[in-house]
Amino acid sequence: MAEMTDRSCKDFIEVLASKAPVPGGGGAAALVGAVGTALGDMVGSLTVGKKKYADVQDDVIRLQAEAKELEARFLELVQRDAKVFEPLSKAYGLPKETEEQKAHKDQVLEAAYKEACSVPMEIMECCGKAIVLIHEMEKIGSVIAISDAGCGAACCRAALTSASLNVFINTKSMKDREYADKLDARANELLDTYVPMCDEVFEKVLGRLK
């Protein structure tokens, strides 16, 4: 499989819009998460080295280092989401004419659902870290980049909520309800924690711009 992140922006969007099974919502969420995190990183780039912000430079550099790691992780997850979804897309096409075939298909699908959930859950976890980072960066970063902090928060919010849908669509089909409920609970916890934080940053930035 060709690396999704090696495609041009135009090529990625064209494939995303096609009927090809990958990339899909999970890969798109990871890419948007990378964009949001990079915007937070950009705030740092516009802050470091400025005398006005000398007292927070160490904190900004630390946040930027964290952002770089998250950006790389998000891009890995774009590719990984495509990798884990392919087995699921193939499993849907398995025959189910006999009882043995039905049992085999159910077994394969169950494993594929669990694997397909793993990446969007990681995307959500990474979004949480990115949102905390942007929340901090908005407080101490350069005022000339305040809108970028708001944009970053908005992107990470979209990535977080989008990834959650890719969790829920798979947990809904799982027969192992205990496992599914555990994933749902964690996804809901991440939404409850970080969506309000994104909204706080966005509203604060909006208030400073109006």
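Preceding this paragraph is the structure being described.
Remember, it's a predicted structure, so these values are computed and weren't measured experimentally.

Engineer: How do you make sense of the overall build of the chain when you look at a structure like this?
Structural biologist: A tally of regular secondary structure across the chain gives six helices and zero strands. Starting at the N terminus and walking to the C terminus, you meet the elements of the chain as α-α-α-α-α-α. Seen through its principal axes, the chain has C-alpha atoms that stretch 75 × 35 × 30 Å. Buried residues in the chain amount to 42% of all 210 residues.

Engineer: Where do I start with the nonpolar core in this structure?
Structural biologist: General note: in soluble globular proteins, nonpolar side chains tend to be found buried as a group. Of all hydrophobic cores here, the largest spans 57 residues; its most connected members are Phe74, Ile123, Met124, Cys127, Ile131 and Leu160. Residue assignment for this core shows that the elements contributing at least two residues are helix H2 (25-45), helix H3 (57-91), helix H4 (99-140), helix H5 (146-171) and helix H6 (177-209). It is H4 that provides the largest number of residues to this core, a total of 16 residues. What Ile123 contacts, discounting residues up to four positions off in sequence, is Gly26, Ala29, Ala30, Phe74, Leu77, Ala159 and Ala163.

Engineer: Explain the packing of H2 against H4 to me, please; I cannot follow it from the model alone.
Structural biologist: How two helices sit against one another is set out by the angle between their axes and by the gap between those axes. Packing of H2 against H4 brings their axes to within 10 Å, and their N-to-C directions diverge by 20°. Judged by the angle between their axes, H2 and H4 are roughly parallel. Like other packed secondary-structure pairs, H2 and H4 cross with a definite hand, here left-handed. Of H4, the residues touching H2 (which contributes Gly26, Ala29, Ala30, Gly36, Thr37, Gly40, Val43 and Gly44) are Ile123, Ala130, Ile134 and Met137.

Engineer: Help me understand the environment of Cys155 in this model?
Structural biologist: Tracing the sequence through the fold places Cys155 in helix H5. On a C-alpha basis, the gap between Cys155 and Val60 in space is 20 Å, while along the polypeptide they are 95 residues apart.

Engineer: What should I look at first to understand the layout of surface pockets in this one?
Structural biologist: A probe matching the size of a water molecule, rolled over the atoms, marks out where space remains unfilled. Taken as a whole, the largest pocket spans an internal volume of roughly 230 Å³. Those elements that place two or more of their residues in the lining of the largest pocket are H2, H3, H4 and H5. At four residues, H5 tops the list of elements feeding residues into the lining of the largest pocket. A class-by-class count of the residues in the lining of the largest pocket yields 11 nonpolar, six polar and one charged.

Engineer: What is the right way to read the state of the cysteines from this model?
Structural biologist: All chains considered together, the criterion is met by zero disulfides. The closest cysteine sulfur to the non-disulfide-bonded Cys117 is located on Cys127, 15 Å from its own sulfur.

Engineer: Would you mind showing me how to read the side chain of Asn170 here?
Structural biologist: Counting through the fold element by element, Asn170 comes out in helix H5. Ignoring any residue separated from it by four or fewer positions in sequence, one finds Asn170 in contact with Leu88, Tyr113, Ala116 and Cys117.

Engineer: Help me understand the environment of Cys198, please; the structure alone is not making it clear to me.
Structural biologist: Inspection of the secondary structure assignment puts Cys198 in helix H6. According to the relative accessible area criterion, Cys198 is buried, its value standing at 1%. Spatially, the C-alpha atom of Cys198 lies 7.6 Å from that of Cys156, the residues being 42 residues apart in sequence. Not counting chain neighbours up to four residues away, the residues in contact with Cys198 comprise Ile131, Ala153, Cys156 and Arg157.

Engineer: How should I be thinking about the pattern of salt bridges in this particular structure?
Structural biologist: If the charged atoms of two oppositely charged side chains come close together, the side chains can form a pair. Using the criterion set out here, one finds 15 salt bridges in the structure. Its salt-bridge partner being Glu76, residue Arg73 comes within 2.6 Å of it at the nearest N-O pair. Of this pair, Arg73 and Glu76 are both found in helix H3, three residues apart, which corresponds to roughly one turn of the helix. The class for Arg73 is partly exposed, based on a relative accessible area of 24%. Residue Asp199 pairs with Arg157 through a salt bridge whose shortest N-O separation is 2.7 Å.

Engineer: Is there a simple way to think about the packing of aromatic side chains in this case?
Structural biologist: Where two aromatic rings form a pair, the distance of their centres and the angle of their planes describe that pair. Overall, the coordinates contain one aromatic pair when judged by the stated rule. The aromatic ring of Tyr179 is capped on one face by Lys114, whose charged end is 4.8 Å from the ring centroid.

Engineer: Would you mind showing me how to read the packing of H3 against H4 here?
Structural biologist: Between H3 and H4, the least distance of the axes is 9 Å, while the angle of their chain directions is 160°. The orientation of H3 relative to H4 falls into the category roughly antiparallel. Crossing hand, H3 versus H4: left-handed. Of the residues assigned to the contact of H3 with H4, the class counts are 24 nonpolar, two polar and 11 charged.

Criteria and cut-off values
Residues numbered from 1 in each chain as written. Predicted model: local features only at pLDDT ≥ 70, side-chain atom pairs only at ≥ 80, totals over all residues. Heavy atoms only, no water. Helix = DSSP H or I, 4+ residues; strand = E, 2+ residues; numbered from the N terminus. Buried < 20%, exposed > 50% of the residue type's maximum accessible area, 1.4 Å probe, protein only. Core = buried A, V, L, I, M, F, W, Y, C linked by side-chain atoms within 4.5 Å. Contact = heavy atoms within 4.5 Å. Axes fitted to C-alpha atoms, helices over the stretch in contact; angles between N-to-C directions. Parallel < 35°, antiparallel > 145°, perpendicular 65-115°, else oblique. Left-handed = near helix turned anticlockwise from the far one by under 90°. 1 Å grid on protein atoms, 1.4 Å probe; cavity = no way out; pocket = protein on both sides within 12 Å on 5 of 7 lines; lining within 4 Å. Points joined across faces, edges and corners; volume = space filled by probe spheres on them. Nonpolar A, V, L, I, M, F, W, Y, C, P; charged D, E, K, R; others polar. Disulfide = S-S within 2.5 Å. Salt bridge = Lys/Arg side-chain N within 4 Å of Asp/Glu carboxyl O. Phe/Tyr/Trp six-rings, centres within 6.5 Å; stacked < 30°, edge-to-face > 60°. Lys NZ or Arg CZ within 6 Å of the ring centre and 35° of its normal.

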